[in-house]
Amino acid sequence: MAKKDATSGSGNANPMWGGHYAAGPSVIMAEINASIDVDKRLYAHDIRASKAHAEMLGRQGVLSGKDVKAITRGLDAIQKEIEDGTFVFSSALEDVHMNIEASLKEKIGDAAGRLHTARSRNDQVATDFRLWLRDALDGLDESIKDVQAALLDKADEHASLTMPGFTHLQPAQPITFGHHLMAYVEMIGRDRARMRDCRARVNEMPLGAAALAGTSFPIDRASVAKELGFEKPMENSLDAVSSRDFALEFLAAATVLGVHLSRLAEEIVIWASPSFGFIKLSEAFTSGSSIMPQKRNPDAAELVRAKTGRLLGAFSALTVIMKGLPLAYAKDLQEDKEQVFDAADTLRLSLAAAAGMVRDMQPQEDALKKALGVGFITATDLADWLVREANVPFRDAHRITGRIVRLAETKGCRLDQLSLEEMRSVEKSITEAVFGILDPVQATASRKSAGGTAPSNVKHAVKKARKRFLSA
Ligand code: ARG
């Protein structure tokens, strides 16, 4: 153990690799070198990979059947201790791999030392990390799917509820609440696809690359890959131990997903603001103010919005760590896991909060209706009507409608509150029939083009999306 001397080498050399070391590391060295607090999360994957490795060595005649049995039993016992909370991790043993191996030695003696035959921590950690991320990706897929399920149910329920659609956050055209939510189903559907793509590249096995050059032992990598559920062993040993693009890819996809969640969260913040009042959130996803008794703050939405910063931070940290690293392994790579673990944790929580808020939100019909009366939201419908019914070229129809809007503005009324005479004072060809299309509900119903906002489209889109996204 290192003494409290921060600079000099002290204590005993590391029993795992300290053959040519006379003393232990300085306190500072031990502190900067240790990763156990972070990488102990890999324990189950480390044990699983070690067992597969030992069994393969047994099959290949490198280890005796007796040793393989002892190793397997010992590793199982360690896993149980870790899961029972009785295992004591030591930071003097640096990382999860050496903690487990040291404990194995205590349990089974010399056979423990044979486990590391034809293996290095370099291929070991890359393998464990990929196994961990593969599981995390599977869990995240379920979480993303649950957000989609929540959005789909809400969209279905409010397929025909009319609300203002915005561009530049200015009232643009009426849309349906369901259609708006379905936009997010599509966006995060692509996030799921990105994660699935990433999983395919995560799912290749570094083990057997050893330190960097492969090994002279007669190992059978294909059988280990199969046992661990990997698609295949990686082709090049240098690449296998030193590449982390699988992690970068995950963090990039996580960042894009975070961006999408932050947009949804921002809309929830806006919609829940009393100035809009488009939705109500219950007490479950809001909090009060310690000074202003009337407040119901959308904290969960704000935090989901903010967490995107962590995701991009993780992506940018690992990108900088990787940039310019010479092949093959370098200790810089030890910094990879903290970023990926944090991003996965962040996403899991953000996704759960997003799903919860979507289920919780109640659209407020009265407020939506009121908002539809602002901003001449059916002006485009009036222009389209002139094109369709009066054969006016669209550019002219746009100009004529602009003048009618100005008239309504001066009078301080909505378009449908102008009289026919007033409209005709701008454009002679307008008839009584125009009032049919000035109603926002009619306007949304008429937008039946593929991908458009009409309630009938939304119902169809929900059905289709349930099949595309929820049945698999
Ligand atoms: N804890 C190390 C990591 O996470 C394991 C690999 C150490 N390899 C070495 N050659 N020191 O990267």
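Relevant structure appears above.
Below: a short report on this structure. (Residues numbered from 1 in each chain as written. Predicted model: local features only at pLDDT ≥ 70, side-chain atom pairs only at ≥ 80, totals over all residues. Heavy atoms only, no water.)

1. Brief notes about the packing of helix α8 (residues 177–202) against helix α19 (residues 455–470)
- Closest axis-to-axis distance for the α8/α19 pair is 10 Å, and the angle between their directions is 20°. Taken together, α8 and α19 sit at an angle that is classed as roughly parallel. Every pair of crossing elements has a handedness; the one defined by α8 and α19 is left-handed. Side by side, α8 and α19 meet where G178, H179, M182, V185, E186, G189 and R192 of the first sit next to V458, A461, V462, A465, R468 and F469 of the second.
- Split into classes, the residues belonging to the contact of α8 with α19 amount to seven nonpolar, three polar and three charged. (Axes fitted to C-alpha atoms, helices over the stretch in contact; angles between N-to-C directions. Helix = DSSP H or I, 4+ residues; strand = E, 2+ residues; numbered from the N terminus. Parallel < 35°, antiparallel > 145°, perpendicular 65-115°, else oblique. Left-handed = near helix turned anticlockwise from the far one by under 90°. Contact = heavy atoms within 4.5 Å. Nonpolar A, V, L, I, M, F, W, Y, C, P; charged D, E, K, R; others polar.)

2. A few points about the pattern of salt bridges
- Using the criterion set out here, one finds 28 salt bridges in the structure.
- When the shortest N-O distance is used, the salt bridge between D336 and K337 registers 2.9 Å. Considered together, D336 and K337 belong to a single accessibility category, that of buried residues.
- In the salt-bridge network here, residues are joined through shared partners; they are E94, D95, R121 and K331. (Salt bridge = Lys/Arg side-chain N within 4 Å of Asp/Glu carboxyl O. Buried < 20%, exposed > 50% of the residue type's maximum accessible area, 1.4 Å probe, protein only.)

3. Side note on the site of the ligand
- Inspection of the region around the ligand gives S35, D39, D95, H97, R121, N122, V125, Y329, K331, Q334 and K337 as its neighbouring residues.
- Contact distances for the ligand include 2.8 Å between a nitrogen atom and a side-chain N or O atom of D95.
- N122 places a polar side-chain atom, nitrogen or oxygen, 2.9 Å from a nitrogen atom of the ligand.
- Taking 340 Å² as the accessible area of the ligand by itself, protein coverage stands at 87%.
- By residue number, the principal contributor to the shell around the ligand is helix α7 (residues 121–157), which donates three residues.
- Its residues placed into classes, the shell around the ligand shows two nonpolar, four polar and five charged. (Near = heavy atom within 4 Å. Polar contact = N/O pair within 3.5 Å; in protein donor to acceptor, adjacent residues only side chain to side chain. Areas by Shrake-Rupley, 256 points an atom, 1.4 Å probe, with all protein chains shown as cover.)

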